[in-house]
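Topology and contacts: notes
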Amino acid sequence: MHWAMHGRLGSALEEEGLGKLYDHQVVIRLFKYVKPNWRLAAISIPLLLVNTATSVAVPWLVKIGIDSLLVSRSLHLLGQAALALLALALINFVSGYFHQLTLAKLSQGVLYSLRSQMFHHLQRLSVSFYDRNEVGRVMSRVQNDVVQLQEFLSVMVLSLADLLSLVGIVAALLLMNVPLAAIALAVIPVLFGVMVVWQRYARRSFMEVRRAIALVNTDLQENISGVRVIQSLSRENTNIQRFDRYNAQHLDANIQAGRLSAAVLPVVEVLTAASMALVVGVGGVMSMNGALAVSTVIAFVLYIQRFFDPIRNLTMQYTQVQRAMVSGTRIFELLDTRPEVQDAPEAKELPPVRGEIRFEGVRFAYTPGVEVLKGIDIHIRPGETVALVGATGAGKTTVTALMARFYDVTAGRITVDGYDIRDVTRASLARQMAMVLQEPFLYSATVKENICFNRLDATDEQVVAAAEAVGAHEFIMKLPQGYDTVLQERGQNLSMGQRQLVSFARALLADPCILILDEATASIDSGTEALVQEALRTVLRARTAIVIAHRLSTVRNADRIVVLDQGQVMEEGTHQDLLARGGRYADLYRTYFAAGATAG
Amino acid sequence: MRVLGRVTALAWRHPVPFLLAYLCLLGATAFALLLPRLLGSAVDTAFLARSEGRLVVLALLIVLVGAMRGLLGYGQTYLGEWLSQRVAYELRNALFQKLERLSFGFHDQQQTGNLMSRATADVEGVRWFVSMGLLRAGQVVLLIGGAAALLFLLDVKLTAMALAFIPFAAWRTTVIARAMRRIWTQVQQLTGELTTVLQENLTGARVVRAFGAEEFEKRKFDATAREVASTSVEASRLQAVNSSQLTLAFTAATALVLWFGGRQVLAGTMTPGELAQFIFYLTILAMPVRMTGWVVNSLSRGVSSGERIFEVLDTRSPVRDRPGAHDLGRVHGHVRFENVSFSYNDGTGPPVLRDISFEARPGQVVALVGAPGSGKSTVVHLIPRFYDVTRGRVTIDGTDVRDVTLASLRRNVGIALQDVFLFSASIRENVAYGRPDIPFAQVVEAAKLAQLHDFVATLPQGYETHVGERGVTLSGGQRQRLAIARVLLLGPPILILDDSTSSVDAHTEHLLRQALAEVMKGRTTFVIANRLTTLQSADLVLVLQDGETVQRGTHAELVQQPGLYQDVYRLQLLPQEERVPMSAPGDGDGS
């Protein structure tokens, strides 16, 4: 556990607060993702202009058609107007379709690059990043924040179209008749005012909805995953009551939000009707006086019918834009996190090694100032098995983590065949090393895929051989589809021991020169364990191995035991040597024997 | 249809809001249909009747109609939201209660993600159906039907011509809506896959790095992400076709009306106001036609979502209280297995346990030994009825466990499961999980007994420290000690420890065992063990192989007999003897 807070991402709830409406940094950086696809943008924007113009022109053409009836009374002109309308419809169709398609390609392209870039970046980040950030937190950035941006992009596009058609409609009204346009548009400031006030309440309410649904889903998830514990502790009723509370809060929040959304309707309807009534009344009187054609009144009404949707959309999208700015900041924060362990600029490939490992004066601190390793010197000869022994906090896990270069040493150096591991690429080091962790990690994929992992070239025979070597073959064959059985989430359809055997087979198949083993045999059952011990011996013989040992048999079989205490090497030697020496190892060993006797 | 009927019945549980919503809907639609009419007569008033007075009256009527429509629209929207959210609320609660009570057999076969999506996406699907399919559908039908009827009264031929496209447009938008739904499901599935790749990659960050599998992972992720992108583009393309072709249809219809209606105006068989009415009606029809796609969509989504929800709701938990089940009370802890056989899937799966019989007297310790998959965990899971036996019976103090209520049974049985699950809450809440209202002092006492207290004391926030997301911040050993503390707090007469001391370091294990020895006094204890000391102290050791007891007896007896136990003892237990003194598996360094 590292309680240090630096390098930790904020959680979704912590940062739920209001974002800026416009964040220059975010917009500029987002724009960079558009650039590679600028061709699509260059096609899309003119298409949008054509599309908006053609739809704004419809009422105008209707007006011309009606004028041809009432003023010039010409069938010829009427025909022309109708044909023009048809032509317009076609142009509108084509431009609309291609505009939307190109935009979709553009925005999906942006989202793909963002996702992929984030994932690639996550692969570069060091293990220390994952020490500080829970999986859920990181996941939410790659998923929710990207979805927010996705919505933002589509909102931006829609808003642009809305804005353009508003401008077009106002221009058309003004061009037709300025005084009547002024009257028709008189309600607009009122509407805008109402919407601005409304959206302030609405935003709060929508945020409440989001908070409520987050609570409901978190609780649900936890109850499903933890259902076995809940039932074994008979806590169903308490949890059902608690869930009902969250669920009811969610219901209330939604009903409140629904009320607010619905409240806009009467306002919009009344204002639309008022605007129409004014146009009909005033325009009608004007037309009776001959100051205005009736067709203009009709066109005005048609425009007013088209006016309010864009306004409503625009005010609603305010919240989305804000949210996207927050998401953008969070995404870029992640992308800007620097990996602590990086390939040096001139890092070389590590050539095939014999497996000679040296820790030279290695010091390490997870948190600056709190040293976990205080100058460690270990020399491991090729093919040697070294068992690490020591109490909690002695630094055993840290030694193995540094060997795998999850972290870089604070001082001193670690060499493999004389190469400082910081001077070689991480990939080339990893190729010659395998690690078995205490908690086996399995994918929800087939058993075979889990054993192969990234060794895609492995043949079925190799996979089976590896499984046989660790004694996993037998139980795998008993699974419904044998090696093709799909494992459930984190391998839950296997017992702990079985999971460990699979992860063991994986390490064997990788056929590394150096094996790091956080001895996992602790929970492998008696029968299986004998097999594993046997397999271990064969496997270890050909490799350099560092083992965090929990078993006397492992310790006894090790070529050397390194006793760690509080970040320092206390003793080194074989089991017999150390016992004979009568030092700390022997001391604790005897204490334990005595204690074991009373307990037994 | 049966599914939709059930959903409708759920909504009908609230008849007053349901009917009121429909009333509002009717009224709002009627007023909406009135508006083009008023506008049309206004045009005629201005052009033909030339009466200022009538014009003013019409203008006022327009405002009035708008206001009524707005108010009724408010009622319709609000009540619709209320009703649909209420149905969603009830379904979510019902699902939750069901999931909480369904036995292990059900949960073994379900993935969390799948159940989650039923409780979220599918509940939303049903809600959408209530809101669209049950309510909005009425509006769509009424608006289109009403407008058609009113226009037919005006001019049959022109109406036929103007509205001819509507069935076609409605059909097209429905077809596309269906295709869209398919594609959206696909997008969701792909997004789900992306999530899995991401989640597993992040959880396994160390393994990925240790094996240098970053490039492999990137390729996997990019391939799925690319598919998500291209499928989403396809969805947008369909959307674009749909909205563009609807606009095309409406504009074309306007052109037709203008041409044919205009000829009638010129011929004097139609007034300009009537022509304007036609055009106004076309405008208000755009919304409902567009909506037919959604309505039809909501039906099919409602069916598939409803099915998935009812499938869970209709699952009867095989393990449940029998009618007339009585309260077990507090037992002495005399546990008997009588010829117990068990197979998963309600007895249809391959046999897991065959004819197991044994007896544990109050206060005795029974140890179970065997290879993985030999059935040890299954045996102990039958005691608190996580599963029911297929044949034979399990009794406690002479009572068949199936004859008593689950709650009273489980109060008597404390089990520390192998896979320790931590709730994202404080350590205190996690320890007190089974007894939320217990005094803090007792929590501390249990923690002390389980050797957890010293560790907790080193944490800055002590017992209030939050352990999140399956307890990522605790090591395996610490989690197990917490699980034991959790069980100790229940003070059950029967105690089950499923491998739970396996990854506690030797020193802690020793202390823990001493503490447990205290706790076990007066309790019947079942231990799944592979520790010599445990086996030595057990009153009965059961050796399981492929679901059968191959040997039984005390440790002293069993080591003398040739057989599996002796082999295991020689191969593993003996060399193990005592584990390495100072090692602490799972208790990560640097903590």
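Preceding block: the structure.
Below or above, wherever it landed, is the structure these notes cover. The written sequence of each chain sets the order in which its residues are numbered from 1. By the order in which they are written, chains take letters starting at A while ligands take numbers starting at 1. Residues qualify for local features only when their pLDDT is at least 70, as the model is predicted, and side-chain atom pairs are given and counted only at 80 or more; totals for whole chains, interfaces and linings, by contrast, use all residues. Excluded from the side-chain calculation are hydrogens and water; included are all heavy atoms of the structure.

In this section: the side chain of Arg 127 of chain B. Secondary structure elements follow DSSP: runs of H or I no shorter than four residues count as helices, runs of E no shorter than two count as strands, and numbering proceeds from the N terminus. Positionally, Arg 127 of chain B belongs in helix H5 (residues 112-154). Should any heavy atoms of two residues lie within 4.5 Å, those residues are counted as being in contact. With sequence-adjacent residues up to four places away left out, Arg 127 of chain B is seen in contact with Glu 81, Ser 84, Gln 85 and Ala 88 of chain B.

For the rest of this paragraph, the subject is the nonpolar core. In summary, soluble globular proteins display a tendency toward joint burial of nonpolar side chains. The term nonpolar core refers to a set of buried residues drawn from Ala, Val, Leu, Ile, Met, Phe, Trp, Tyr and Cys, joined through side-chain atoms within 4.5 Å. The buried label applies to any residue whose accessible area, calculated with a 1.4 Å probe on protein chains only, is under 20% of its type's maximum; exposed applies above 50%, and partly exposed to all values in between. Counting residues in hydrophobic clusters, the biggest one holds 97 residues, and the most contacted among them are Phe 307 of chain A together with Ile 62 of chain B. Look past the residues within four positions of Phe 307 of chain A in its chain and what remains in contact with it is Leu 166, Ile 169, Val 170, Leu 173, Leu 185 and Ile 188 of chain A. In terms of nonpolar packing, the next biggest core, distinct from the first, is built from 88 residues, Val 362, Phe 441, Ala 466 and Leu 517 of chain A among them.

A few words on a nonpolar patch on the surface. Residues and elements named next belong to chain B. A cluster of nonpolar residues, Val 16, Leu 20, Leu 23, Leu 26 and Leu 142, forms a patch on the protein surface that exposes about 440 Å² of accessible area. In terms of residue count, helix H2 (residues 15-49) provides more of the nonpolar patch than any other element does, four residues in total. Inspection of the secondary structure assignment puts Leu 20 in helix H2. Patch criteria: residues need more than 30% relative accessible area and no salt bridge. Like-charged residues are merged within 9 Å; nonpolar side chains of Val, Leu, Ile, Met, Phe, Trp and Tyr are merged within 5 Å. For the accessible areas, the method is Shrake-Rupley and the probe is 1.4 Å, while residue cover comes only from the protein chains on display. When a carboxyl oxygen of Asp or Glu lies within 4 Å of a side-chain nitrogen of Lys or Arg, that pair is called a salt bridge.

Before going further, it helps to spend a moment on the pattern of salt bridges. Applying the stated criterion to the full structure yields 42 salt bridges over all chains. A salt bridge links Arg 426 of chain A to Glu 214 of chain B; the nearest nitrogen and oxygen atoms lie 3.2 Å apart. Highlighted residues: Arg 426 of chain A in helix H12 (residues 426-431) and Glu 214 of chain B in helix H9 (residues 214-267), drawn from two different chains. The shortest N-O distance in the salt bridge between Glu 359 of chain B and Arg 361 of chain B comes to 3.3 Å. On the basis of relative accessibility, which here comes to 44%, the residue Arg 361 of chain B falls in the partly exposed class. By sharing partners, the salt bridges in this structure join Arg 336, Glu 338, Glu 359, Arg 361 and Arg 393 of chain B into a single network.

All right, on to the interface of chain B and chain A then. The interface of chain B with chain A comprises 167 residues on the first partner and 172 residues on the second. Both sides together, the interface formed by chain B and chain A hides about 15,700 Å², and carbon and sulfur atoms give 67% of it. Definition of a polar contact: a pair of N or O atoms within 3.5 Å, with one able to donate and the other able to accept a hydrogen when the atoms are protein atoms, and with sequence-neighbouring residues admitted only if both atoms are side-chain atoms. At the boundary of chain B with chain A, the tally comes to 31 residue pairs in polar contact (both at pLDDT 80 or more). Top element by residues in the side of chain B that touches chain A is H9 of chain B. It accounts for 33 residues. Joining two parts hides part of their accessible area as seen by a 1.4 Å probe, and the buried area is that hidden amount summed over both.

All names here are of chain B. Looking only at helix H15 (residues 440-449), the buried set comprises Val 443, Val 444, Ala 446 and Ala 447. Projection of H15 onto a plane perpendicular to its axis shows the buried side chains occupying an angular sector of 160°, all on one side. Residues Ala 441 and Glu 445 are exposed on H15 and point more than 90 degrees away from its buried face. A positive backbone phi angle near 65° is found at Gln 451, which sits one or two residues after H15. By construction, the arc corresponds to the directions joining the helix axis to the C-beta atoms.

Keep in mind these numbers describe shape, not what the thing actually does.
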